[in-house]
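The lines below spell out each chain.
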Amino acid sequence: MKGILKLASYVFHPIWMPFLGSLLYFELTPRFFPEEVIKAKLLAISIITIFIPIVFFFLLKNLGKVTSMSLSKVEERKWPLFFFAILTLMVLNQILDRYNYPEIYFYFLGILGADIIAYLFTLFRIKISLHMMGLAGFTMFLIAFSRYFHISLILATSGLLIALGLTASSRLYFKAHTNLELILGIIAGILPQLLFFYYWL
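The rules we used
Residues numbered from 1 in each chain as written. Predicted model: local features only at pLDDT ≥ 70, side-chain atom pairs only at ≥ 80, totals over all residues. Heavy atoms only, no water. Axes fitted to C-alpha atoms, helices over the stretch in contact; angles between N-to-C directions. Helix = DSSP H or I, 4+ residues; strand = E, 2+ residues; numbered from the N terminus. Parallel < 35°, antiparallel > 145°, perpendicular 65-115°, else oblique. Left-handed = near helix turned anticlockwise from the far one by under 90°. Contact = heavy atoms within 4.5 Å. Nonpolar A, V, L, I, M, F, W, Y, C, P; charged D, E, K, R; others polar. Salt bridge = Lys/Arg side-chain N within 4 Å of Asp/Glu carboxyl O. Buried < 20%, exposed > 50% of the residue type's maximum accessible area, 1.4 Å probe, protein only. Phe/Tyr/Trp six-rings, centres within 6.5 Å; stacked < 30°, edge-to-face > 60°.

Asker: Honestly, the packing of helix H2 (residues 17–28) against helix H6 (residues 130–149) in this entry has me stumped. Any pointers?
Answerer: Geometrically, a packed helix pair is captured by the angle between its two axes and the distance between the axes. Their axes nearest at 9 Å, the elements H2 and H6 cross at an angle of 15 degrees. Considering the angle they form, H2 stands roughly parallel to H6. Here the hand of the crossing between H2 and H6 comes out right-handed. On H6, the residues that touch Met17, Leu20, Gly21, Leu24, Tyr25 and Leu28 of H2 are Gly134, Leu135, Phe138, Phe141, Leu142 and Phe145. Tallied by class, residues from the contact of H2 with H6 come to ten nonpolar, two polar and no charged.

Take a look at the structure:
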């Protein structure tokens, strides 16, 4: 059981969520996009939201600013969250646009909103769960996507709800967060997505 919980922390790490949302969108949307465009968008998003943050993390680690990818200390979170907000803005300004990719565009706006909320919490020395924030936001996007395009994604939604429970159990088991920090993470992930649903639902 310990191995499963530890695996959940890596599999459902927040760094994967922007790309997973993009992959879901381009794989399931009934809108037509040329295959070359899809591949180019996904490659660009993966580079900006996965590879660059990983390189930035190792840079911070070498500088002694962070100790692990879990960012267990509040003060370790400020630079990564600030930097990721800039990268998200880059995706919104250079990769996606509101008119051709409205659903995924507002998903990334929701991600930006959640990132800002998490950053603001660090100013008050509160460490919300980034795992729960990312996974909860992705789950809400999946639900909204299913409703908007009238696509049945019950199994996928159920799987994500199970993943939320498993990830929450993992964070508690390894004493990475308290119950309050998990709840705040879920709220921070869901709330921006709900606010932006108005613009595309």
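Asker: I keep staring at the pattern of salt bridges and nothing clicks. Help me out?
Answerer: Pairing between side chains of opposite charge can happen when their charged atoms approach one another. Taken as a whole and assessed by the stated rule, the structure comprises three salt bridges. The closest approach of N and O atoms between Glu103 and Arg31, which form a salt bridge, is 2.5 Å. Separated by 72 residues along the polypeptide, Glu103 in helix H5 (residues 102–123) and Arg31 in the loop between H2 and helix H3 (35–62) bring together distant segments of the chain. When its relative accessible area of 32% is taken as the criterion, Arg31 is described as partly exposed. A salt bridge links Glu35 to Lys39, with the shortest nitrogen-to-oxygen separation between them at 3.2 Å. Taken together, the positions of Glu35 and Lys39, both in helix H3 and four residues apart, correspond to about one turn of that helix. Residue Lys39 is classed as exposed on the basis of its relative accessible area, which comes to 53%.

Asker: What am I meant to see in the packing of aromatic side chains here?
Answerer: The geometry of an aromatic ring pair comes down to the distance between the two centres and the angle between the two planes. Counted by the stated rule, this structure contains 17 aromatic pairs. Aromatic pair Phe26 and Tyr101: ring centres 6.0 Å apart, planes at 70 degrees, arrangement edge-to-face. A residue pair is termed long-range when its members are at least 10 positions apart, and Phe26 in helix H2 and Tyr101 in the loop between helix H4 (74–95) and H5 qualify at 75 residues. Tyr101 shares its class with Phe26; the two are buried. Grouped by ring-pair contacts, the aromatic residues Tyr25, Phe26, Phe33, Tyr101, Tyr107, Phe108, Phe141, Phe145, Tyr148 and Phe149 constitute a single cluster.

Asker: Would you mind going over the environment of Glu76 with me for this structure?
Answerer: The residue Glu76 is located in helix H4 in this model. Measuring from C-alpha to C-alpha, the distance between Glu76 and Ser46 comes to 23 Å, with 30 residues separating the pair along the chain. With near-sequence residues (within four places) excluded, Glu76 lies in contact with Lys65, Val66, Thr67 and Leu71.

Asker: Mind showing me how you'd approach the packing of H2 against H5 here?
Answerer: Where H2 meets H5, the axes come as close as 10 Å, and the angle between the chain directions of the two elements is 165 degrees. Considered as vectors, H2 and H5 are oriented roughly antiparallel to each other. In this structure, H2 crosses over H5, and the sense of that crossing is right-handed. Each of Met17, Pro18, Gly21, Ser22 and Tyr25 in H2 lies in contact with H5, whose residues at this interface are Glu103, Ile104, Tyr107, Phe108 and Ile111. Here the contact of H2 with H5 is built from residues that sort into seven nonpolar, two polar and one charged.

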